[in-house]
Amino acid sequence: MSDPNDSSRQSRVDGWTERATGQVEPAARIIAGMFDPKLIGPEGALPSQLLRDISARLEVRNIEGQSRGLKVAPIRAT
């Protein structure tokens, strides 16, 4: 039997992840505009699953770069 708190906890994590994705998106655009990388690989102190979730959300947004209408490089958590 599943714990009813699990869905509430997952809902809060999903909400946090969506907000974090919105905060990281401008940074990805700036990185793309300044460095034109082949790949953006976010790293940090977050658990790897959260980094992968944020990266996946950014990937489907199809973000345009700062200049020339170029797309942002693929974003993949390492």
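The rules we used
Residue positions are counted from 1 within each chain, in the order its sequence is given. Since the coordinates come from a predicted model, pLDDT governs what is reported: local features require at least 70, and pairs of side-chain atoms require 80 or more to be given and counted, while whole-chain, interface and lining totals use all residues. As a rule here, side-chain values cover all heavy atoms of the structure and leave hydrogens and water aside. In these notes, a set of buried Ala, Val, Leu, Ile, Met, Phe, Trp, Tyr and Cys residues joined through side-chain atoms within 4.5 Å is what counts as a nonpolar core. Burial here depends on accessible area, computed with a 1.4 Å probe over protein chains only, as a share of the maximum for the residue type. Under 20% is buried, over 50% is exposed, and the range in between is partly exposed. Segments assigned H or I by DSSP are reported as helices when at least four residues long, segments assigned E as strands when at least two residues long, and all are numbered from the N terminus. Should any heavy atoms of two residues lie within 4.5 Å, those residues are counted as being in contact. We define a salt bridge as a side-chain nitrogen of Lys or Arg found within 4 Å of a carboxyl oxygen belonging to Asp or Glu. One fewer than the residue count of a helix, multiplied by 1.5 Å, yields its expected span. Regarding the arc, it is the one traced by the directions from the helix axis to the C-beta atoms. Distance and chemistry together define a polar contact, namely a pair of N or O atoms within 3.5 Å, with one atom able to donate a hydrogen and the other to accept it when in protein, and with adjacent residues in sequence counting only for side-chain atoms on both sides.

(A) Looking closely at the nonpolar core. Grouped together as the largest cluster of nonpolar side chains are 10 residues: Ala20, Ala28, Ala32, Ile40, Ile54, Leu58, Ile63, Val72, Ala73 and Ile75. Sorting the residues of this core by element identifies helix H1 (4-35) and helix H2 (48-61) as the ones contributing at least two each. Residues within four places of Ile54 in sequence aside, it is in contact with Trp16, Thr17, Ala20, Thr21 and Leu46.

(B) Local environment of the environment of Ala27. Along the chain, the position of Ala27 falls in helix H1. Judged by relative accessible area, which is 35%, Ala27 ranks as partly exposed. Separated by 50 residues in sequence, Ala27 and Ala77 have C-alpha atoms that sit 15 Å apart.

(C) Focus on the pattern of salt bridges. On inspection of all chains with the given rule, the structure shows five salt bridges. A salt bridge links Arg9 to Asp6; the nearest nitrogen and oxygen atoms lie 3.0 Å apart. With Arg9 and Asp6 both in helix H1 and three residues apart, the pair spans about one turn of that helix. For the salt bridge of Asp14 with Arg57, the shortest nitrogen-to-oxygen distance reads 3.9 Å. Taken together, the residues span a long stretch of sequence, with Asp14 in helix H1 and Arg57 in helix H2 at a distance of 43 residues. Using a relative accessible area of 24% as the deciding quantity, one classes Arg57 as partly exposed. Taken together, the shared-partner salt bridges connect Asp14, Glu18, Glu25, Arg57 and Arg61 into one network.

(D) Representation of H2 within the structure. A rise of 1.5 Å per residue sets the reference length of H2, with its 14 residues, at 20 Å; its end C-alpha atoms lie 20 Å apart and thus fit the reference within 8%. Among all positions of H2, only Leu50, Leu51, Ile54, Ser55 and Leu58 are buried. In a view along the axis of H2, the buried residues occupy a sector of 135 degrees, so they form one face of it. Downstream of H2 by one or two residues, Asn62 has phi in the positive range, about 55 degrees.

(E) Quick peek at the side chain of Ser55. In this fold, Ser55 is placed in helix H2. Within polar-contact distance, the side chain of Ser55 engages the backbone nitrogen of Ala77 at 3.3 Å. Setting aside its immediate chain neighbours within four residues, Ser55 contacts Pro42, Ile75, Arg76 and Ala77.

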